[in-house]
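Fold and contact review
These are the residues of each chain, in order.
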Amino acid sequence: MEIFQIMGLAIISTLLIIVLKVQKPEIAIQISLVTGAIIFLMILGKVASVVELFNTYAKQINLDMVYFSTLLKIVGIAYIAEFGAELCRDAGEGAIASKVELAGKVIIVVMAIPIVTSLLDVVISMMP
Amino acid sequence: MAVKIFGSLIVLLSCTLLGYIHSKKCSKRPGQLRVLQGMLQIFENEICFLSNKLIDAFLKINRGSDNEVSLFFESTVDNLKNNSGFSASEAWSKSVRDNIKYTSLNKEDEEIIVSFGKMLGNSDLEGQIKNIRLTLNQLKIQEQKAEEFRKKNETMYRNLGILGGLAIIIILF
Amino acid sequence: MDIDLIFRIAAIGILVSVLNAVLNKSGREEQAMMTTLAGLIVVLMMIIKEIVNLFDAVKTIFQF
């Protein structure tokens, strides 16, 4: 069961961060960064299998691959932006965190433009 | 794994030892300066009240002392006895420069001790005693400085040695 | 190997803070500052590999 491993990892790193936070906050932040990276790498296999599942179904119903890969990219960007923003917020830099979130949102919107345009095309064509 | 642990232990031990030796050096210096002052006091008595010759006075100072600084007096006597061409001040400065590395004294102390020898055997009794007094005063100032330095740095060097060893182990492990 | 890294970083952090305290107590603020900086850089060098791993993983999974 992977969840026990992850929980143990999280508790240990939390304790270490609490110990270090008073004296050396900069190193505590780095520990939280590494912990986040390690936990993600641990659940990577599971995410990959889920993505694979979606991929096969998308192929079965003949979905346009452009849409599907855009969707996946958006999920990835959202994850990375969230990761960075939370790290900044933990370090007490709320301003930079909100900037990172804004950047993530803007990039997601830009990536979603093809999907939105095709949707709007469909809507316009259906209009009388 | 066993090799790694063994190597780490060696690194830790050597770093701890390094710090320990350094702190020992710091703590020895004021003691040696104090002993040197005592010896110069004896020397003053020797030439002031007993009017002994330089070699006899030095031999007398030397007797009963096993501190490192007595090497200065011992080797001065040797220099005077073996090389007849040496003057007293030459013999003194040569012996100080040869033996300073066996003591914990630093460059400043060395200069003071050598300059004490410059006047050695160059003037009458009055001048000699004035020279000794001057050197004693300078050594006292050096001793105070050394004591201050020791208080500040003795424990720090020891801790620094251990912590440095630990840092090397953690980074390389 | 993963939990190892966390422990190592925490050990460096604790070590640096103790070193800092020792150096500060004997009146060497500059060296204390330098040790802090050195510890930070060493830890950064250690975690850079892990960050690169994370980015690569995200890129492959979400088909960038």
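Quick caveat: nothing in here was measured; it's all calculated off a predicted structure. (Residues numbered from 1 in each chain as written. Chains lettered and ligands numbered in written order. Predicted model: local features only at pLDDT ≥ 70, side-chain atom pairs only at ≥ 80, totals over all residues.)

1. Remarks on the overall build of chain B
From N to C terminus, chain B includes 6 helices and 0 strands. For chain B, the sequential pattern of α-helices and β-strands runs α-α-α-α-α-α. Here the C-alpha radius of gyration of chain B, 21 Å, is well above what a compact globule of 173 residues would show, namely 16 Å. Reported as C-alpha extents along the three principal axes, the dimensions of chain B are approximately 70 × 35 × 25 Å. (Helix = DSSP H or I, 4+ residues; strand = E, 2+ residues; numbered from the N terminus. Rg over C-alpha atoms; globule rule 2.2 N^0.38 Å.)

2. Structural notes on the overall build of chain A
When helices and strands are tallied, chain A shows 4 helices and 0 strands. Ordered by position from N to C terminus, the α and β elements of chain A give α-α-α-α. For a compact globule of 128 residues, the expected C-alpha radius of gyration is about 14 Å, and chain A comes in at 20 Å, more than 25% above that figure. Each principal axis of the C-alpha distribution contributes one length, and for chain A these read about 65 × 40 × 15 Å. By the burial criterion, 15% of the 128 residues in chain A qualify as buried. (Buried ≥ 20, exposed ≤ 12 C-beta atoms within 10 Å, placed from the backbone.)

3. Examining helix 1 (residues 2–50) of chain B
All names here are of chain B. With 49 residues, helix 1 ought to run about 72 Å at 1.5 Å a step, and its terminal C-alpha atoms sit 68 Å apart, in line with that. Turning to helix 1, its buried residues are Cys-15, Gly-19, Ser-23, Cys-26, Arg-29, Pro-30, Leu-33, Leu-36 and Phe-43. As for helix 1, its buried residues are in contact with helix 2 (54–62), helix 5 (107–118) and helix 6 (125–172). Positioned one or two residues after helix 1, Ser-51 has a phi angle of 50°, which is positive. (Expected span 1.5 Å × (residues − 1). Contact = placed C-beta atoms within 7 Å.)

4. Things to note about the nonpolar core
Counting 32 residues, the largest nonpolar core has Leu-20, Ile-27, Ile-31 and Val-34 of chain A together with Ile-9 and Leu-15 of chain C as its most contacted members. Looking at this core, the elements with two or more residues in it are helix 1 (2–21) and helix 2 (25–60) of chain A, helix 6 of chain B together with helix 1 (2–25) and helix 2 (29–61) of chain C. Element by element, the count of residues in this core is highest for helix 1 of chain C, at 9 residues. In this structure, Ile-27 of chain A is in contact with Leu-20 of chain A together with Ile-9, Ile-12, Gly-13, Gly-39, Leu-40 and Val-43 of chain C, ignoring residues within four places of it in sequence. Counting residues in each nonpolar core, the second largest holds 20 residues, with Ala-57, Val-69, Phe-73 and Ala-146 of chain B among its members. (Core = buried A, V, L, I, M, F, W, Y, C linked by C-beta atoms within 7 Å.)

5. Brief notes about the interface of chain C and chain B
Taken together, the 10 residues of chain C in the interface contact 11 residues of chain B. Broken down by element, the side of chain C that touches chain B gets its largest block of residues, 7 residues, from helix 1 of chain C.

6. With respect to helix 3 (residues 65–90) of chain A
Under the 1.5 Å per step criterion, the end-to-end length of helix 3 of chain A is 38 Å for 26 residues, consistent within 8% with the ideal 38 Å. Immediately beyond the C-terminal end of helix 3 of chain A, within one or two residues, lies Gly-92 of chain A, with a positive phi of roughly 90°.

7. Examining the interface of chain A and chain C
The partner chain C presents 25 residues to the 29 residues of chain A that form the contact. Secondary-structure elements contributing two or more residues to the side of chain A that touches chain C are helix 1, helix 2 and helix 3 of chain A. With 15 residues, the single largest contributor to the side of chain A that touches chain C is helix 2 of chain A. Looking at the side of chain A that touches chain C residue by residue, the classes come out as 20 nonpolar, 6 polar and 3 charged. (Nonpolar A, V, L, I, M, F, W, Y, C, P; charged D, E, K, R; others polar.)

8. Here we look at the packing of helix 1 of chain B against helix 6 of chain B
Residue and element names in this part refer to chain B. Two elements in contact, helix 1 and helix 6, have axes separated by 8 Å at closest approach and are oriented at 170°. Relative to helix 6, helix 1 is oriented roughly antiparallel. Here the contact of helix 1 with helix 6 is composed, by residue class, of 26 nonpolar, 14 polar and 9 charged. (Axes fitted to C-alpha atoms, helices over the stretch in contact; angles between N-to-C directions. Parallel < 35°, antiparallel > 145°, perpendicular 65-115°, else oblique.)

9. So, the domain arrangement of chain A
All names here are of chain A. Under the domain assignment used here, chain A contains domain 1 (1–51) and domain 2 (64–128). Distance from the C-alpha centre of domain 1 to the C-alpha centre of domain 2: 25 Å. Counting residues at the interface gives 5 residues for domain 1, matched by 5 residues for domain 2. Tallied by class, the residues present in the side of domain 1 that touches domain 2 amount to 3 nonpolar, 2 polar and no charged. (Domains from an automatic or database assignment.)

10. Things to note about the environment of Asn-83 of chain B
Residues and elements named next belong to chain B. If you trace the backbone, Asn-83 turns up in the loop between helix 3 (70–82) and helix 4 (88–99). Overall, the presence of 11 C-beta atoms within 10 Å leaves Asn-83 in the exposed class. Taking the C-alpha atoms as reference, Asn-83 lies 41 Å from Glu-148; in sequence the two are 65 residues apart.

11. Examining the environment of Ile-10 of chain B
Residue placement: Ile-10 of chain B occurs in helix 1. As for Ile-10 of chain B and Gly-165 of chain B, which are separated by 155 residues in sequence, their C-alpha atoms are 9.4 Å apart.

12. Focus: the confidence of the model for chain B
Close reading of the predicted structure is inappropriate where its pLDDT is low. Averaged over every residue, the pLDDT of chain B is 84; the share at 70 or more is 99%. Across the interfaces of the predicted complex, the ipTM metric reaches 0.83, alongside a pTM of 0.72. (pLDDT = per-residue confidence, 0-100.)

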